[in-house]
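Single-letter residue listing:
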Amino acid sequence: MTEFFADIPKLAYQGADATDAFAFRHYNPDEMVLGRRMEDHLRFAVCYWHSFAWPGGDPFGGQTFQRPWFGDTMDHARLKADTAFEMFRILGVPFFCFHDADVRPEGASFAETTRNLEEITEYFAAKMEESGPKLLWGTANLFSNRRYMAGAATNPDPDIFAYAAATVKTCMDATHRLGGANYVLWGGREGYETLLNTDLTREMEQMGRFLSMVVDYKHKIGFKGTILVEPKPQEPTKHQYDYDVATCYGFLQRFGLEKEVKLNIEQGHAILAGHSFEHELALAASLGVLGSIDMNRNDYQCGWDTDHFPNNVPEVALAYYEVLRAGGFTTGGTNFDAKLRRQSLDAEDLILAHAGAMDVCARGLKAAAAMLEDGKLEAARAARYAGWDRPEVQAMLGSDLESVAADVLARGLDPQPVSGRQERLENLVNRFV
Ligand code: XLS
Ligand code: NI
Ligand code: NI
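A short tour of the structure in this document, coming up. Treat the numbers as computed from the prediction; the structure is a model and nothing was measured.

1. Observations regarding the coordination of the nickel ion (ligand 2)
And then number 1: Bound to the nickel ion (ligand 2) on the protein side are E230 (OE), E266 (OE), D294 (OD) and D337 (OD), at distances that span 2.0 to 2.1 Å.
And then number 2: Considering all 6 donor atoms around the nickel ion (ligand 2), the spread of angles at the metal, 80 to 173°, places the coordination shape in the octahedral class.
And then number 3: Separation of the nickel ion (ligand 2) from the nickel ion (ligand 3) amounts to 3.8 Å, with E266 serving as a shared donor to the pair. Within this pair, whereas E266 is found in strand β10 (residues 261-266), its partner D294 is found in strand β11 (residues 290-295), the two being separated by 28 residues in sequence.
And then number 4: Overall, E266 belongs to the buried group, its relative accessible area being 1%.
And then number 5: Given the relative accessible area of 0%, D294 is considered buried.

2. Here we look at the packing of aromatic side chains
And then number 1: Scanning the entire structure with this criterion turns up 23 aromatic pairs.
And then number 2: Between the aromatic rings of F96 and F124, the centroid separation amounts to 5.5 Å while the plane-to-plane angle is 90°, which identifies the pairing as edge-to-face. A residue pair is termed long-range when its members are at least 10 positions apart, and F96 in strand β4 (residues 95-99) and F124 in helix α5 (residues 110-131) qualify at 28 residues.
And then number 3: Aromatic pair F110 and Y163: ring centres 5.3 Å apart, planes at 80°, arrangement edge-to-face. Here F110, found in helix α5, pairs with Y163, found in helix α6 (residues 158-177); they are 53 residues apart in sequence, far enough to count as distant.
And then number 4: Using a relative accessible area of 25% as the deciding quantity, one classes Y163 as partly exposed.
And then number 5: An aromatic cluster is built from F4, F5, Y48, F52, W69, F70, F85, F88, F96, F98 and F124, whose rings are joined through pairwise contacts.
And then number 6: Here the guanidinium or amino end of R67 rests over the ring plane of F65, the centre of that ring lying 4.5 Å away.
And then number 7: Its guanidinium or amino end placed over the ring of W54, K339 lies 4.9 Å from that ring's centre, counting from NZ or CZ.

3. A short note on the site of ligand 1
And then number 1: With respect to spatial proximity, the complete set of residues near ligand 1 consists of W49, H99, W137, W186, E230, K232, E266, H269, D294, D305 and D337.
And then number 2: Between E266 and ligand 1, the recorded distance is 2.7 Å, taken from a side-chain N or O atom to an oxygen atom.
And then number 3: Between an oxygen atom of ligand 1 and a side-chain N or O atom of D337, the distance comes to 2.7 Å.
And then number 4: In isolation ligand 1 exposes 290 Å². Once the protein is present, 94% of that is buried.

4. Observations concerning the environment of K232
And then number 1: Relative to the helices and strands, K232 resides in the loop between β8 (226-229) and β9 (239-240).
And then number 2: According to the relative accessible area criterion, K232 is buried, its value standing at 3%.
And then number 3: Taking the C-alpha atoms as reference, K232 lies 8.8 Å from V245; in sequence the two are 13 residues apart.
And then number 4: In this view, K232 contacts W186, Q240, D242, Y243, H269, L272 and D305; residues no more than four positions away in its chain are not counted.
And then number 5: At 2.6 Å, the side chain of K232 forms a polar contact with the side chain of E235.
And then number 6: Side chain to side chain, K232 and D305 meet in a polar contact 2.8 Å long.

5. So, the pattern of salt bridges
And then number 1: Counting across every chain of the model gives 24 salt bridges.
And then number 2: For the salt bridge of D58 with R342, the shortest nitrogen-to-oxygen distance reads 3.8 Å. Of the two residues, D58 sits in the loop between α2 (48-53) and α3 (74-91) while R342 sits in the loop between β12 (334-336) and α12 (347-374), which places them 284 residues apart along the sequence.
And then number 3: Its relative accessible area of 26% is what places R342 among the partly exposed residues.
And then number 4: Here R104 and E106 are joined by a salt bridge, their closest N and O atoms 3.8 Å apart.
And then number 5: Residue class for E106 comes out partly exposed when judged on its relative accessible area of 38%.
And then number 6: One continuous salt-bridge network, built from bridges that share partners, spans D30, R37, E39 and D40.

6. As for the nonpolar core
Soluble globular proteins: nonpolar side chains tend toward being buried together.
And then number 1: Counting residues in hydrophobic clusters, the biggest one holds 111 residues, and the most contacted among them are Y48, F124 and Y320.
And then number 2: Here this core takes 15 residues from α12, the largest share from any one element.

7. A short note on the environment of F88
And then number 1: Tracing the sequence through the fold places F88 in helix α3.
And then number 2: Setting aside residues no more than four positions away along its own chain, F88 makes contact with V46, Y48, F52, V93, F96 and P133.

8. Here's the deal with the sheet that holds strand β3 (residues 44-47)
And then number 1: A barrel is described by the order of its strands in space; here 8 strands give the closed sequence β3-β4-β5-β6-β8-β10-β11-β12, paired in parallel fashion. On average, each strand axis in the sheet is inclined to that of its neighbour by 30°, with strand direction left out of account.
And then number 2: Strand direction decides the pairing type here: β4 and strand β5 (residues 134-139), joined by 5 bridges, are parallel. When the sheet's bridge partners are listed, F96 is paired in β5 with L135.
And then number 3: Running at roughly 165° to β10, helix α8 (residues 245-254) makes contact with β8 and β10 of the sheet.

9. Some details on the pairing of β5
Remember that side chains alternate between the two faces of the sheet whenever the strand is regular.
And then number 1: The element β5 is extensively covered by neighbouring structure, given that 5 of its 6 residues are classed as buried.
And then number 2: Relative to strand β6 (residues 182-185), β5 runs parallel, the two being bridged by 3 bridges. By the bridge assignment for β6, W137 is matched with N182.
And then number 3: Taken together, β5, α6 and β6 form a β-α-β motif whose crossover is right-handed.

10. Description of helix α15 (residues 401-411)
And then number 1: For α15, the side-chain oxygen to backbone nitrogen distance between the N-cap and E402 is 3.1 Å, and the N-cap itself is D400.
And then number 2: Backbone geometry just after α15 places G412 at a positive phi near 55°.

11. Structural notes on the side chain of E39
And then number 1: Position of E39 among the secondary structure elements: in helix α1 (residues 38-42).
And then number 2: With relative accessibility at 18%, the residue E39 sits in the buried group.
And then number 3: Among the polar contacts made by the side chain of E39, one reaches the side chain of R37 at a distance of 3.0 Å.
And then number 4: Setting aside residues up to four positions removed in sequence, E39 forms contacts with Y27, P29, G92 and P94.

Reading guide: rules and limits
- Residues numbered from 1 in each chain as written.
- Chains lettered and ligands numbered in written order.
- Predicted model: local features only at pLDDT ≥ 70, side-chain atom pairs only at ≥ 80, totals over all residues.
- Heavy atoms only, no water.
- Donors = N, O, S within 2.8 Å, 3.2 Å for Na, K, Ca; no water.
- Tetrahedral: all angles 85-135°; square planar, octahedral: opposite > 155°, others 65-115°.
- Helix = DSSP H or I, 4+ residues; strand = E, 2+ residues; numbered from the N terminus.
- Buried < 20%, exposed > 50% of the residue type's maximum accessible area, 1.4 Å probe, protein only.
- Phe/Tyr/Trp six-rings, centres within 6.5 Å; stacked < 30°, edge-to-face > 60°.
- Lys NZ or Arg CZ within 6 Å of the ring centre and 35° of its normal.
- Near = heavy atom within 4 Å.
- Polar contact = N/O pair within 3.5 Å; in protein donor to acceptor, adjacent residues only side chain to side chain.
- Areas by Shrake-Rupley, 256 points an atom, 1.4 Å probe, with all protein chains shown as cover.
- Contact = heavy atoms within 4.5 Å.
- Salt bridge = Lys/Arg side-chain N within 4 Å of Asp/Glu carboxyl O.
- Core = buried A, V, L, I, M, F, W, Y, C linked by side-chain atoms within 4.5 Å.
- Pairing = 2+ DSSP bridges.
- Axes fitted to C-alpha atoms, helices over the stretch in contact; angles between N-to-C directions.
- Right-handed = clockwise from strand over helix to strand, strands pointing away.

Put into structure tokens, the structure is as follows:
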């Protein structure tokens, strides 16, 4: 046991009326939901970066957290891992996620940085064997170091493209070694600050080649996980090429990668792009690229990626409704890409933030499952389109404008609009959330 979480017990499900703060009220891993264990539906992951690497800074002030594992040595990295795995155990989460830069110190050379990552990877492997959590996904941090200030794959300097590609190779190797279920690419600096110095055409070509190289390498090493791209419209750059689900899908199609790559969709990024989370999930599902989710919440008064822990059950219910409608997660899961507020200094804050978020997701999942089981929403949707099921209507889609016009005349058509019944459906949803 590490000292950091010394006084905190392992959390257990105690039911909705529990009064103990250190308990789950809704997250009950073994409870069956639509024929599947709740744990296997939600597939929770804790992210390493916000919980263990982020110092609590904001644009007006620096570090607020004082953690014994903050520092640049391998000893610090191992202490950080010990503490992180202790938290995974307390929460009982089945997965975690990390960037290379979260888990190892940067070395004096690329070779040393790689050795540090390999060493920590073996340290993780031993811990995973001992205590069980699996890797939902690994990824490379290609945005914090100053070398990436003008992009990684999209950098005007080909040596930086090369450095980024080599770094991704090491992170894919680590993810493969740890049996990761997915590998994520988030292009934090793959965009621009000003069009005045930017060659859009070149940058998007470079990004397409980069992603194709990632897919080729996945097949070469026999990595069975899914490659995921994470859309975000802007921040840190003024404009990011992976703007939203629709933009990413167009990009994948352009490079012939739409069958190889899926998307990791984040609540806060959907909001930044001017969409709802459920919109992004529904669209990804309809395009066949729904991979995994980064669960968090944005402050509605702040126009940036505040990465709050989720606490809005109706919103989360609509999100899981789309996930369940799509058949549920396969390799994906629910990663908490969420961080404490910078005044939340204590060890227990980290635990309670996750416990609350897990309960919110469990309530959302149960509500979503109940809506699906009830079936009235889907029945209303099906009824709305029922006219399209008739064979003569299907034949119309295969005909031409002239024949359709002749048919309208022949039948003396005068179609009458019908209600969309939106409020009725909203009332129906409110019965479950
Ligand atoms: C940042 C992103 C990042 C990715 C992983 O906004 O959400 O945390 O999930 O690189
Ligand atoms: Ni994210
Ligand atoms: Ni984010």
